[in-house]
Amino acid sequence: MSLGQDGPPTRTRLPEGHSAHGGTRRPQPRRALVTVVGIVVLLIAALAFANRGNHPSASHDDAGGSGAASGGSTGTATGSTAGSHGSQAAPTAPTGQQPVQGRSAAGIPAGFAHTGQGAQSAAANYAVALGSADMFNAGRRHAIVTAIYDPAVSATLQQDLDSAYSGDALKNLGLNADGTAPDGLTFVSRTVPIGTKVTAGGSTGSGTTTVEVWCTDLVGLAGTGSTKPVSTAWFTITEQLVWSGGDWKLRSSSQKDGPAPVAADNQAASADAIAGAVRDYGGFTYAR
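The model shown is predicted, which means the values in this text are computed figures rather than measured ones. (Residues numbered from 1 in each chain as written. Predicted model: local features only at pLDDT ≥ 70, side-chain atom pairs only at ≥ 80, totals over all residues. Heavy atoms only, no water.)

Undergrad: Sorry if this is basic, but what is going on with the overall build of the protein chain here?
TA: Helix and strand counts for the protein chain stand at seven helices and six strands. Reading the helices (α) and strands (β) of the protein chain from amino to carboxyl end gives α-α-β-β-α-α-α-α-β-β-β-β-α. Looking at the protein chain residue by residue over its 288 residues, the buried ones come to 46%. In the protein chain, once contacts between residues fewer than 6 apart in sequence are set aside, the share between residues at least 24 apart is 69%. (Helix = DSSP H or I, 4+ residues; strand = E, 2+ residues; numbered from the N terminus. Buried < 20%, exposed > 50% of the residue type's maximum accessible area, 1.4 Å probe, protein only. Contact = heavy atoms within 4.5 Å.)

Undergrad: Just checking my understanding: could you explain helix 4 (residues 138–148) for this structure?
TA: Every α-helix carries 3.6 residues per turn, so stepping three or four residues along brings you back to the same face. For helix 4, the set of buried residues is Arg 141, Ile 144, Val 145, Ala 147 and Ile 148. Along the axis of helix 4, the buried residues cluster in a sector spanning 165°; they form a single face. Where helix 4 is buried, its residues contact helix 3 (116–130), helix 5 (151–164) and strand 6 (247–257). Capping the start of helix 4, Asn 137 holds a side-chain oxygen 3.1 Å from the backbone nitrogen of Gly 139, two or three residues further along. (Arc of directions from axis to C-beta. Polar contact = N/O pair within 3.5 Å; in protein donor to acceptor, adjacent residues only side chain to side chain.)

Undergrad: It is not clear to me how the environment of Gly 174 should be interpreted in this structure. Could you clarify?
TA: Assignment of secondary structure puts Gly 174 in the loop between helix 6 (167–172) and strand 3 (186–201). For the pair formed by Gly 174 and Leu 221, sequence separation is 47 residues and the distance between their alpha carbons is 7.4 Å. Setting aside residues up to four positions removed in sequence, Gly 174 forms contacts with Pro 182, Leu 221 and Lys 228.

Undergrad: Honestly, the pattern of salt bridges in this entry has me stumped. Any pointers?
TA: Two side chains with opposite charge may pair up if their charged atoms get near one another. Using the criterion set out here, one finds five salt bridges in the structure. Asp 162 is the partner of Arg 141 in a salt bridge, and the nearest nitrogen-oxygen pair spans 2.8 Å. Placement of Arg 141 in helix 4 and of Asp 162 in helix 5 is noted, with a sequence separation of 21 residues between them. Note on Asp 162: relative accessible area 31%, which makes it partly exposed. (Salt bridge = Lys/Arg side-chain N within 4 Å of Asp/Glu carboxyl O.)

These results come straight from atomic positions and should not be treated as a statement about function.
Here it is in structure tokens:
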């Protein structure tokens, strides 16, 4: 089984959940874990190049590609070019670049282009890996961190993550002390990137860049008798990447809530149906 999977042939990640019908939000221990990790990495990296106010322009190198100039399929429809923000938004149409074919020893996509497009593709795939159930298994977590983090921070980060993914954090998710699910239950943790945006750097040949990844997720225990049912959440991950060893690597990763859409009035599936879907539906390799 390749890392970043919840079930058989799957490649996918993410944090805690909200009520499906807009009710009282239950505590999100997984989100707290990711926040702790983000703070730890930021301290280790000691970098301050996440200038969130520097949004890319429509002509940002490789951010939108030629497909965006002609419109393409953006998944949105607006009444004006500027929209409510009063300025030209960065293109959101797919660039047309193919997903990378390479894989790290951990089974995570690797070999991204040294461009803004490559950085965004890396960020999306790394978000999936960091949100996977594999992060709750010490051996697989170590392999993930080694594969996607800059060697300058990965060694120290491993120790901090071992402390973060233990004790009450696991107990609050209903997991055993070793990160496994109780007998008869399936632990689900998947992140699904919705879109990416470069907020700093990102030009071809740039050594550092910051990318935001807007995501939704599935997290919880599926199975009869679960007291931590699988739920969803919406959040944005900010990833600071550096070009290291011929590929984009994470220097730090942090997370904030939203933006979240209004929840649809869908009937919740049974625990068995969710467990079956996680087992049978595989994930993707993402390309901006």
